Amino acid sequence: MAKIRNWYEAQSNPAKLLIAFLGNCLFWLLTHTVFLLIWDDMSRSIVYNIFYAIWMGAVWTLVFHWPLVKKVFTRNSTTKEL
C-alpha cells in the first residue's frame, strides 16, 4: 500500500483528482451492481448502473476531496481575466 500511496502523492493535483474520481466511480459501479444482483428483483440496464456510478463518483469526489477540488479549479494570480 505504501507504493501505491507514494505513487499517488507523486502525481499532479489534476491527476490526483482524476484518479480519485475514477476510483469512486469504480467503487460505486461494483457496489451498486452487487446490491442490484442480491437485493433488487428489478433488472436494470448497464447504462443505468454506469450513470449511477458516475453520478455518485462525482458526488463523493466533491465531498471527500473538496480541498483538492479547490486547488485544481481556483484561478492563479498569473491567469488573465477575460
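Everything below is about the structure shown above.
Residues numbered from 1 in each chain as written. Predicted model: local features only at pLDDT ≥ 70, side-chain atom pairs only at ≥ 80, totals over all residues. Heavy atoms only, no water.

**Side note on the packing of helix H2 (residues 13-38) against helix H4 (residues 66-73)**
At their nearest, the axes of H2 and H4 sit 9 Å apart, and the two run at 135 degrees to each other. Taken together, the axes of H2 and H4 are oblique relative to one another. Where H2 crosses over H4, the handedness of that crossing is left-handed. Within the contact between the two elements, H2 uses Asn13, Pro14, Lys16 and Leu17 and H4 uses Leu68, Val69, Lys71, Val72 and Phe73. Classifying every residue of the contact of H2 with H4 gives 6 nonpolar, 1 polar and 2 charged. (Axes fitted to C-alpha atoms, helices over the stretch in contact; angles between N-to-C directions. Helix = DSSP H or I, 4+ residues; strand = E, 2+ residues; numbered from the N terminus. Parallel < 35°, antiparallel > 145°, perpendicular 65-115°, else oblique. Left-handed = near helix turned anticlockwise from the far one by under 90°. Contact = heavy atoms within 4.5 Å. Nonpolar A, V, L, I, M, F, W, Y, C, P; charged D, E, K, R; others polar.)

**What to know about a nonpolar patch on the surface**
Taken together, the side chains of Val34, Phe35, Leu37, Ile38 and Trp39 present a nonpolar region at the surface, about 600 Å² in accessible area. Mapping Phe35 onto the fold places it in helix H2. Using a relative accessible area of 41% as the deciding quantity, one classes Phe35 as partly exposed. (Patch = residues over 30% accessible without salt bridge, like charges linked within 9 Å, V, L, I, M, F, W, Y side chains within 5 Å. Areas by Shrake-Rupley, 256 points an atom, 1.4 Å probe, with all protein chains shown as cover. Salt bridge = Lys/Arg side-chain N within 4 Å of Asp/Glu carboxyl O. Buried < 20%, exposed > 50% of the residue type's maximum accessible area, 1.4 Å probe, protein only.)

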